[in-house]
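Here is how the chains run, residue by residue.
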Amino acid sequence: MNAILQHLVVLPIIVPLLCAAGMLFLPERRRAARVTLVLASAFIQLLIAIALLYLTSDAARFIWPEGVGVYAIGNWDAPYGIVLVVDRLSAVMLTLVAIVGFTTLIYAVARWDRPGQPFHSVFQLIMMGLNGAFLTGDLFNLFVFFEVLLAASYGLVLRGAGAVRTRNGMHYIAVNLVASLLFLIGVALIYGIAGTLNMADLAGRAATLSGEDRALFDAGVAILGVAFLVKAGSWPLNFWLPGAYSIAHAPVGAIFALMTKVGLYSILRVGTILGEDETLAAALLYLGLATLITGTIAILAAKHLARLVSFSVLVSMGILLAAFGLRIEALTGAIIFYMIVSVLTTSTFFMLTGMTDRTRIADPMVMPEDNPTAGSPVYMGYGVRQPSVYHDDGEVGIAIPAVMAFLGLMFVCCTLLVVGLPPMPGFVAKFALLSGALREVPDGPAAASWMFSATVLLSGLASLIALSRIGMRLFWSVAARETPRLRILEAAPVAALVVLCLTLGVAAGPVARYLDATARSLHQPDTYVRAVLAARSHDHEERP
Amino acid sequence: MEIVYAVVIGILAGSGVWLILRPRTFQVLLGLMLLSYAVNLFIFGMGRLVLHKAPVIAGSGPVDPAMYADPVPQALVLTAIVIGFATTALFLVVLIALRGLTGTDHVDGQEPAE
């Protein structure tokens, strides 16, 4: 039994890969088969993620006694071969990917996956990249999975074509290519000094470095950190983010909500394993605060909902980076909780923008290239008619009644989530962050903690103002509005995510306890290191 | 040899950064390519420069690592080249699409106002 369960670790990578490859053999006209296949793949990933969540918890000690599962690919020994490692944080992130991926796919099936450009295979590849990045225990392998998810995201962000989309997409690609090169330089420097890329092995070697080697190693880690910060959307490396996120189609934006979190996850993972430096942490604090402040100002200035949601991504990243920069260990559980809430919030909100965009006859912000009559060279090249997402052409699902009431309710829920008001978990998460920041210091909170708390509260107020303004314009203005037809398939995922958020808010106690245990294991990397390096001897014992 | 190698990397990286900051899409593409060449050479150099030594360890029995070049950076470079090649090709397609859609090769999709 245990021998089979061990292989669960590699499945979150293999399942979407096989599914993406399988798409090649199913032509577009066999839509039912394609949709069934991708939904099955996402559902299997969800089941696997939940199983891993259970297996790494305290409740199941029979397979991985310390809650860290190590899978040596090809059975090559740990520091030399590439290992996949699942611990509590990885399991939480995998579950998050699976939940967001599954709901987004259901939403996309309603109208967003029309033929012309491959959606489903690319979507599976982005899930594979995300899962792989959260699982890998090797720095270069992390680079490879970053590239997988970025390459898939390039395809997704360009969906729908049009001049503005192509221009913003190109900016996005150029910035991320440069970030990838920085990543490579960092990895090469670390390898050149420490002679290993396995994260667990690095932890031991980094501690023994001194003098010139130490300086070069720190430089390598810092360059790596810059690459992570670009992905995480930290100021001043985030000017690509609103442009790329706000022009992406709604389901694409929903899955992109996870991508900035990959950068944060890498910072958390590499930072705790290598033992983060004080100066680097201080830099994170100020970068986070700068991200938060610029994001808040931008939210107040945003006129269109999709842009506002993109800026709210920046605000949440700013809060997370600054909280991590405070260097309070008790805060890490709250950071992970807020990260989960903000991913769910942003995904829900992006899906909602896809529906509210249709409520207005003359929406000034509907971009001209979404005009179905304007032919685009990409579609002409493929010899297909350009599909319009704003045009009611297919018949999937049935229209639901009381559309405006539903949209309004969802909008209010999302607003409460973003701003952090009860009864939504956004409130619990922000409260945990603030109380953690202000309480945990013996001789009273430091100036940084006060600064952090004040900025977080102010940004909440600003989000409330901006969202109320947009909400009034969207739902209360009588002029130029038509009630759209919504499909159950579109409405259900949004409602499901909101209900999930509500559950998270109600069951905040157990979730927070679990995440605190996650944070504790993150701050004791010894267990992780031991488990990875011990995998070798353990394996040899099992062999006959 | 190390000096020449370092100077080559420096020139490639410097030209690459300069080109990336230029306003024309093709210049940006060339800049990305030059920069990725520099990075690939840099990764290769991180395995230390050695001459006349094979990167793989053949046969069984005890081996002297000093007799061989480090194979890991070579494998890393290979991966980085493949990934860089694919992303460059993608960038080229986007570049041409943008040129076709806007009629200009400026990175912002429009000529700057005079």
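Analysis parameters
- Counting restarts for each chain: residues are numbered from 1 in the order of the written sequence.
- Following the order in which they are written, the chains are lettered starting with A and the ligands numbered starting with 1.
- For this predicted model, a pLDDT threshold of at least 70 governs which residues receive local features, and a threshold of 80 or more governs which side-chain atom pairs are given and counted, while totals over whole chains, interfaces and linings are taken from all residues.
- Elements are defined by DSSP. Helices are runs of H or I of four residues or more, strands are runs of E of two residues or more, and each kind is numbered from the N terminus.
- Three exposure classes are used. Buried residues have 20 or more other C-beta atoms within 10 Å of their own C-beta, exposed residues have 12 or fewer, and partly exposed residues fall in between, all C-beta atoms being placed from the backbone.
- What counts as a contact is two residues whose backbone-derived C-beta atoms lie within 7 Å of each other.
- Among buried residues, those of type Ala, Val, Leu, Ile, Met, Phe, Trp, Tyr and Cys that are joined through C-beta atoms within 7 Å form a set called a nonpolar core.
- All domain edges in this entry derive from an automatic or database-based domain assignment.
- Under the convention adopted here, Pro, Cys and the residues Ala, Val, Leu, Ile, Met, Phe, Trp and Tyr are nonpolar, Asp, Glu, Lys and Arg are charged, and Gly plus all remaining residues are polar.
- Lines fitted to C-alpha atoms define the axes, with helix axes restricted to the stretch in contact, and inter-axis angles between N-to-C directions lie between 0 and 180 degrees.
- Under this scheme an angle from 65 to 115 degrees is roughly perpendicular, one under 35 degrees roughly parallel, and one over 145 degrees roughly antiparallel; angles in between are oblique.
- Each helix crossing is assigned a hand: it is left-handed if the near helix lies turned anticlockwise from the far helix by less than a right angle, otherwise right-handed if that turn is clockwise.
- For a helix, the expected span equals 1.5 Å multiplied by the residue count minus one.
- Any two strands are treated as partners once DSSP identifies two or more bridges connecting them.
- Directions from the helix axis toward the C-beta atoms define the arc.

### Let's talk about the overall build of chain A
- Along its length, chain A carries 22 helices and two strands.
- For chain A, the proportion of its 544 residues judged to be buried stands at 55%.
- The long-range fraction of contacts in chain A, counting pairs at least 24 apart against all pairs at least 6 apart in sequence, stands at 80%.

### Quick notes on the environment of Glu66(A)
- Within the secondary structure, Glu66(A) is located in the loop between helix 3 (31-55) and strand 1 (69-72).
- Sequence-wise, Glu66(A) and Leu26(A) are 40 residues apart; in three dimensions their C-alpha atoms are separated by 43 Å.

### Regarding the nonpolar core
All names here are of chain A.
- Val187, Ala323 and Leu433 are the most contacted members of the largest nonpolar core, which has 217 residues in total.
- A total of 19 residues in this core trace back to one element, the largest contributor, which is helix 7 (residues 163-194).
- Split by domain, the residues of this core number at least three in each of domain 1 (1-275 + 527-537) and domain 2 (277-367 + 394-506).
- Setting aside residues up to four positions removed in sequence, Ala323 forms contacts with Leu331, Ile335, Leu433, Ala437 and Phe452.

### Considerations on the interface of chain A and chain B
- Opposite the 24 residues of chain A that make contact, chain B presents 28 residues.
- For the side of chain A that touches chain B, the elements supplying multiple residues, two or more each, are helix 6 (139-157), helix 7 and helix 16 (377-382) of chain A.
- Sorting elements by how many residues they give to the side of chain A that touches chain B places helix 7 of chain A first, with 16 residues.
- Each residue belonging to the side of chain A that touches chain B can be placed in one class, and the counts come to 19 nonpolar, three polar and two charged.

### Some details on the packing of helix 3 of chain A against helix 4 (residues 88-111) of chain A
Residues and elements named next belong to chain A.
- Two elements in contact, helix 3 and helix 4, have axes whose closest approach is 8 Å; the angle formed by their N-to-C orientations is 160°. By the angle between their directions, the pair helix 3 and helix 4 is classed as roughly antiparallel. Remark: the crossing between helix 3 and helix 4 carries left-handed chirality. Residues Val35, Val38, Leu39, Ala42, Phe43, Gln45, Leu46, Ala49, Ile50, Leu52 and Leu53 of helix 3 form the contact with helix 4, whose participating residues are Ala91, Val92, Leu94, Thr95, Ala98, Ile99, Gly101, Phe102, Leu105 and Val109.
- In terms of residue class, the contact of helix 3 with helix 4 is built from 18 nonpolar, three polar and no charged.

### Re unusual backbone geometry
- In this structure, the amide linkage connecting Trp235(A) to the following residue, Pro236(A), adopts the cis form with an omega of 0°.
- As for its placement among the helices and strands, Pro236(A) is situated in the loop between helix 9 (211-232) and helix 10 (240-247).
- Of note, Arg48(B) is a non-glycine position whose phi angle comes to about 70°, a positive value.
- With respect to the helices and strands, the residue Arg48(B) is situated in the loop between helix 2 (25-45) and helix 3 (71-102).
- Given 11 C-beta atoms within a 10 Å radius, Arg48(B) is considered exposed.
- The backbone of His52(B) shows a phi angle near 55°, a positive value even though the residue is not glycine.

### Considering the environment of Ala91(A)
All names here are of chain A.
- Take Ala91: it is sitting in helix 4.
- Overall, Ala91 belongs to the buried group, with 26 C-beta atoms counted inside 10 Å.
- In this structure, the C-alpha to C-alpha distance between Ala91 and Thr518, residues 427 residues apart in sequence, is 9.9 Å.
- Here Ala91 is in contact with Ala49, Leu52, Leu53, Thr56 and Val86, once residues within four sequence places are set aside.

### Observations concerning the domain arrangement of chain A
Residues and elements named next belong to chain A.
- Once the domains are mapped, chain A shows domain 1 (1-275 + 527-537) and domain 2 (277-367 + 394-506).
- The C-alpha centroid of domain 2 is placed 23 Å from the C-alpha centroid of domain 1.
- Counting from both sides, the interface comprises 36 residues of domain 1 and, opposite them, 37 residues of domain 2.
- Contributions of two or more residues to the side of domain 1 that touches domain 2 are made by helix 4, helix 9, helix 10, helix 11 (250-256) and helix 12 (259-274).
- Looking at which element gives the most residues to the side of domain 1 that touches domain 2, the answer is helix 4, with ten residues.
- Its residues placed into classes, the side of domain 1 that touches domain 2 shows 23 nonpolar, ten polar and three charged.

### Here's the deal with the packing of helix 9 of chain A against helix 12 of chain A
Residue and element names in this part refer to chain A.
- Relative to each other, helix 9 and helix 12 sit at 155°, their axes nearing to 7 Å. In terms of orientation, helix 9 lies roughly antiparallel with respect to helix 12. When you trace helix 9 past helix 12, the crossing you get is left-handed. In this structure, helix 9 contributes Val221, Leu224, Gly225, Phe228, Leu229, Lys231 and Ala232 to the contact, and helix 12 contributes Met259, Thr260, Val262, Gly263, Leu264, Ser266, Ile267, Val270 and Leu274.

### Section: helix 2 (residues 11-22) of chain A
Residue and element names in this part refer to chain A.
- Taking 1.5 Å of rise per residue, twelve residues should cover 16 Å, and helix 2 covers 16 Å from first to last C-alpha, within 8% of that figure.
- Of the positions making up helix 2, those classed as buried are Pro12, Ile13, Val15, Pro16, Cys19 and Ala20.
- Of the surrounding secondary structure, the elements contacted by the buried residues of helix 2 are helix 3, helix 4 and helix 5 (120-135).

### Description of the pairing of strand 2 (residues 83-86) of chain A
Residues and elements named next belong to chain A.
- Burial along strand 2 is two-sided: the residues Val83 and Val85 and Leu84 and Val86 are all buried.
- When strand 1 meets strand 2, the two strands line up antiparallel, connected through four bridges. Residue Val70 lies in a different strand from strand 2, and its bridge partner there is Val85.

### A few points about helix 20 (residues 488-506) of chain A
Residues and elements named next belong to chain A.
- Compared with an ideal rise of 1.5 Å per residue, which puts 19 residues at 27 Å, helix 20 spans 26 Å between its outermost C-alpha atoms and is within 8% of the ideal.
- Regarding helix 20, the residues found buried are Glu490, Ala491, Pro493, Val494, Leu497, Val498, Cys501, Leu504 and Gly505. Here the buried residues of helix 20 occupy an arc of 170° about the axis, which is enough to place them on one side. The exposed set on the far side of helix 20, more than 90 degrees from its buried face, consists of Val499, Thr503 and Val506.
- Next to the buried residues of helix 20 lie helix 4, helix 15 (332-356), helix 17 (403-419), helix 18 (425-439) and helix 21 (508-523).

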